[in-house]
Each structure stands twice: as C-alpha cells, then as structure tokens.
Number of protein chains: 2
Amino acid sequence: MSLDPIERLVLELGRLPGIGERSATRMAFHIIRQSQGRDSGSLARDLAAALLAVADEVGFCSQCRNLCRGERCKVCADASRDQGLLCVVESVVDLKAIEATKTYRGLYHVLHGALAPLDGIGPDELKIDALVTRVTERGYREVILATNADVEGDATALYLARLIKPLGVQVTRLASGIPSGGELEYLDHATLGRALTERREY
Amino acid sequence: MSLDPIERLVLELGRLPGIGERSATRMAFHIIRQSQGRDSGSLARDLAAALLAVADEVGFCSQCRNLCRGERCKVCADASRDQGLLCVVESVVDLKAIEATKTYRGLYHVLHGALAPLDGIGPDELKIDALVTRVTERGYREVILATNADVEGDATALYLARLIKPLGVQVTRLASGIPSGGELEYLDHATLGRALTERREY
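Let me begin by describing the structure that accompanies this report. Sequence order as written defines the numbering, with residues in each chain counted from 1. Lettering for chains starts from A, numbering for ligands starts from 1, and both go in the order in which the items are written. Whole-chain, interface and lining totals are the exception, using all residues; otherwise, since this is a predicted model, local features are given only for residues with pLDDT of at least 70 and side-chain atom pairs are given and counted only at 80 or more. In computing side-chain values, all of the structure's heavy atoms are included and hydrogens and water are not.

A look at the pairing of strand 5 (residues 142-145) of chain B
Residue and element names in this part refer to chain B. Our working rule: The rule is simple: take the accessible area with a 1.4 Å probe, protein chains only, and divide by the maximum for that residue type; under 20% is buried, over 50% is exposed, in between is partly exposed. Counting from the N terminus, the helices are DSSP H or I runs at least four residues long and the strands are E runs at least two residues long. A pair of strands is considered paired only if DSSP assigns at least 2 bridges between the two. By definition, the crossover connecting two strands over a helix is right-handed if that path, from the first strand to the second, turns clockwise as seen with the strands pointing away from the viewer.
Going residue by residue along strand 5, you find E142 and I144 tucked away on one face and V143 and L145 tucked away on the opposite face as well. Taken together, the four bridges between strand 3 (residues 85-89) and strand 5 define a ladder with parallel strand orientation. In the strand pairing of strand 5, L85 is matched with E142. Bridge count between strand 5 and strand 6 (residues 170-173): four bridges; the pairing is parallel. What sits directly across from E142, in strand 6, is Q170. In this region the chain leaves strand 5, passes through helix 7 (residues 151-164) and returns to the parallel neighbour strand 6; the handedness of that crossover is right-handed.

Things to note about the nonpolar core
Applicable threshold: Definition used in this section: a nonpolar core is a set of buried Ala, Val, Leu, Ile, Met, Phe, Trp, Tyr and Cys residues joined via side-chain atoms within 4.5 Å. Here, two residues are considered to be in contact whenever any of their heavy atoms come within 4.5 Å of each other.
One finds L9(A), L13(A), L51(A), L9(B), L13(B) and L51(B) to be the most contacted residues of the largest nonpolar core, which totals 114 residues. Other than its neighbours up to four places away in sequence, L13(B) contacts L47(A), I19(B), A24(B), M27(B), A28(B) and I31(B).

Quick look at the packing of aromatic side chains
Selection criterion: Any two rings among Phe, Tyr and Trp, with Trp reduced to its six-membered ring, count as a pair given centres within 6.5 Å; such a pair is stacked if its planes are under 30 degrees apart, edge-to-face if over 60, and tilted if neither. As a reminder, the over-ring test applies to NZ of lysine and CZ of arginine, requiring each to be within 6 Å of the ring centre and within 35 degrees of the ring normal.
Throughout the structure, instances matching the rule amount to two aromatic pairs over all chains. Its guanidinium or amino end placed over the ring of F60(A), R65(A) lies 5.5 Å from that ring's centre, counting from NZ or CZ.

Concerning the sheet that holds strand 6 (residues 170-173) of chain A
Hydrogen bonds between backbone groups are what pair the strands of a sheet, and the pairing can be parallel or antiparallel. Residue and element names in this part refer to chain A. Quick note on the threshold: Lines fitted to the C-alpha atoms define the axes, with helices restricted to the stretch that makes contact. Angles between their N-to-C directions range from 0 to 180 degrees.
Strand order in the open sheet formed by four strands is 4-3-5-6, with parallel pairing between adjacent strands. Here the strands that pair on one side only, and so sit at the sheet edges, are strand 4 (107-110) and strand 6. Within the sheet, the average angular offset between the axes of one strand and its neighbour, ignoring direction, is 25 degrees. Here strand 3 (residues 85-89) pairs with strand 4 via four bridges, running parallel. In the sheet register, C87 faces strand 4, and the bridge partner there is Y108. The sheet contacts of helix 7 (residues 151-164) involve strand 3, strand 5 (142-145) and strand 6, and relative to strand 6 the element is tilted by about 170 degrees.

A look at helix 7 of chain B
All names here are of chain B. To keep it simple, the criterion reads: Every helix has an expected span of 1.5 Å times one less than the residues it contains. Throughout, the arc means that of the directions going from the helix axis to the C-beta atoms.
With 14 residues, helix 7 extends 20 Å between its outermost C-alpha atoms, agreeing within 8% with the 20 Å of an ideal straight helix rising 1.5 Å per residue. Those residues of helix 7 that fall on the buried side of the exposure criterion are G153, T156, A157, L160, A161 and I164. An end-on view of helix 7 places all buried positions within 135 degrees of arc, on one side of the element. In helix 7, those exposed residues whose orientation departs by more than 90 degrees from the buried face are V151 and R162. Where helix 7 is buried, its residues meet strand 3, helix 6 (128-138), strand 5 and strand 6.

Points about the pattern of salt bridges
What counts here: Whenever a carboxyl oxygen of Asp or Glu lies within 4 Å of a side-chain nitrogen of Lys or Arg, that contact is scored as a salt bridge.
According to the stated counting rule, one finds 20 salt bridges over all chains in the structure shown. Notably, a salt bridge pairs D56(A) with R45(B), separated by 3.1 Å at the nearest N-O pair. With D56(A) in helix 3 (residues 43-57) and R45(B) in helix 3 (residues 43-57), the pair connects residues from two separate chains. Exposure remark for R45(B): the relative accessible area of 26% places this residue in the partly exposed category. Two residues, E57(A) and R69(A), come together in a salt bridge whose shortest N-O distance is 2.9 Å. Within this pair, whereas E57(A) is found in helix 3, its partner R69(A) is found in the loop between strand 2 (67-68) and helix 4 (74-77), the two being separated by 12 residues in sequence.

A look at the relation of the copies chain B and chain A
Convention followed: Copy-to-copy superposition: least squares on the C-alpha atoms, limited to residues that have pLDDT of at least 70 in both copies.
Expressed as a screw transformation, the operator carrying chain B onto chain A has a rotation angle of 180 degrees and an axial translation of 0.0 Å, and the superposed copies differ by an RMSD of 0.0 Å. In symmetry terms, the pair is related by a two-fold rotation axis. Judged by C-alpha distance, A48(B) is the residue of chain B that lies nearest the rotation axis, at 2.1 Å. When the interface residues of chain B are mapped onto chain A, 100% of them are again interface residues, pointing to one common binding face.

Notes on the state of the cysteines
Residue and element names in this part refer to chain A. Our working definition: Cysteine sulfurs are considered disulfide-paired once they come within 2.5 Å of each other.
For the structure on display, the rule yields zero disulfides over all chains. Free cysteine C73: the closest other cysteine sulfur is in C64, separated by 3.6 Å. Overall, C73 belongs to the buried group, its relative accessible area being 1%.

Structure (structure tokens):
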C-alpha cells in the first residue's frame, strides 16, 4: 500500500464499531504520541501484539461456536455442566452475561447474529443447520432460546422453535416482563403490555 | 503474558482515548468476528499492520516536531514556504486545521501539549528550550502563537511571548472573537466579552 502510514491507521481504526473519521484521527495521534521513543509500553506495538495474538490464537469452539483458544471452549470442556440443557444465544457477549448471573449450569450454542433478511442474514449465515444437527444427535431435554427481546431476536426464536419442537425437545424462551427494580410509571408501553399479557399465577 | 488473548485485547483497546471497558469489549468482539477465516481482510491483521507501520516509520520532524516519515516533514522540506514566519501550535491536529484553511504559507512548531502545571506539564515537557533556540538561530520576522483559546492555551501563549519578545521578534496571537456565522444571542459570555474588549476600528 502506498498510503501514508498515518492515513492508513486512521482508515483501519475507522473500521471499528462506533468510530468515525474524527475519533479515528484523534486515536491515531494519541497512539503516535504514546508510541514515541520507548519500545516497551509503546501503545502501537502493544495493541498490534494483542491483535495478532487474537488473530492467531482465538477461534470458534467446534461444538458451540463460543470463542476459545483450542478445539473446545471452557464450557464445553467442563464435564460438570448439565449436558441435557442447551441455551441458544445471539452472541458471545450474551453468553458472558448469562454466565455472570451464576444461575445457569448447562451448555450453550452461539449463533453469532439473529435472522435479519433485509441485511442478508438468513439461516445459512447463522449456521442453523449445525444447531439442528447438534440437537438431533445429542438429545437435550430442553433448549432455551435466549435471543434478544427485539424484533430480530423474537423472529429468530420463533424460527428455531418451529425447527426444534418437532424433534421432541422441550423448547423454552426467556421470560419477558418488568425488569428488576422497574417502576410501572417509567416503563415503555411494549414492556408493560407484554408483562400484562404474560402475567402469571401468584 | 499469561492473560487470555481476548482480555489482553480489551485491556489494550481500553488505553485508547474515550474508550471504556464496555466499548473496548464491543470492539474486541467485533474485531474477532471480522477476523475469522480469511487472511486478507482480517481486521485484526490489517489494524496490527497499520499500527506497526506507524510505530516503525512515523517519527517527529527534527526541526518542527510535526509528524513525518523521514528526518524532515513536508512543510519544513518545502523551500517555497515563507521561511520568515513561524506558527506555534499545540498539536499536529491544529497544524492540519491551519493548513486546511490555505491562508498560511509559513513554517510551524508543534509543542505537543500546553502548559498545565497541575498535570505535570511544564516548559521541559513541551521542549520550549528547543523552540527558543530555533527562534534565536533562525531570526524569524514574526512568531504567531496559535495555541488554543482556553486557559492552558492562553497561559502557554503568555509564557512564550515573554520568552520570545525580548529576542526582538514580532510576536502575534490568533484573533479572538465571534466565530464566522455566529449570532450574538447564542454566544457564551466569555466569547462576546472578549469580542467587545478586542473590538477593532472599522
């Protein structure tokens, strides 16, 4: 590339989510300022090393598509987890959020997205075939659909339920309703409406 | 380092200006998603290469401390620029902003900061000695103090003026006042006050 190194760095930083040209420029100059003279502690070199380590070492778990360093992720490799329970999430961040609650001890399956036909994301992009094969072969007693409670997440859950229920597996969905500590007065109509519709016996 | 590569990447991204842990995590997962499988077009590798190119190739111009690839920056190497005019700026971004106006054809000197004693930034950190030596040796006819119009920028300009004026050089400061297209009604008190105090003959 014949681009000036600074312009090239600005361009590459601009590929990060939420970073426009102005932020990218500010970042580039910050990186250059923090990378002068010293070899250790040089922000440019440290960040480059971290990026290459991720590119070299991090891949997808062959079973659940969680991120991991070897063939299998920590969750799949942990024999003490409930092998009959599968939780389907949209992303690794969601997996981490559920792990942080310490209330779930089953396995996961990461879709890396949700169905969004207008953006060109269909069942093939999410490798839903692989999920169905996994559920068929392993015979889980329950599949929890933990996609987001937005339009894409709901559509994905509905699509998956229609594929998985016929396999004779119990399919569940995360509860929708008032968040903990939520005050009715400040809730949006959709949340309150759904909490009403899905009210439960007390 | 024994850190997990993903945690390490989050940590390094968190060193960028304006990036907290949450943004760094989102960026890291985005980078990983954009770096799977393909070797060319891998965001992690492209960004790492750009960072290393900057670390290897970009340094400070030996004369004005602008960023450049060789010994001298483009401005200093350009003999057609007015060699009697020196514009002192806080940062390379400011230099670029002045260049973009296409109204200045002299040389620059980049301080890489402004005096901020509480943050430990004094005359030594800004290498003000080198600036004074440059002005003494080159005999410029005018030095324009183009630091920011904030407290640190004004203090830096005042400090520099007291050092440079005794050398027999004309010292000027960027005009303060109403910005182009500014409406009096919406201006802050400080700007309007300064515009009044520094009013000029019409």
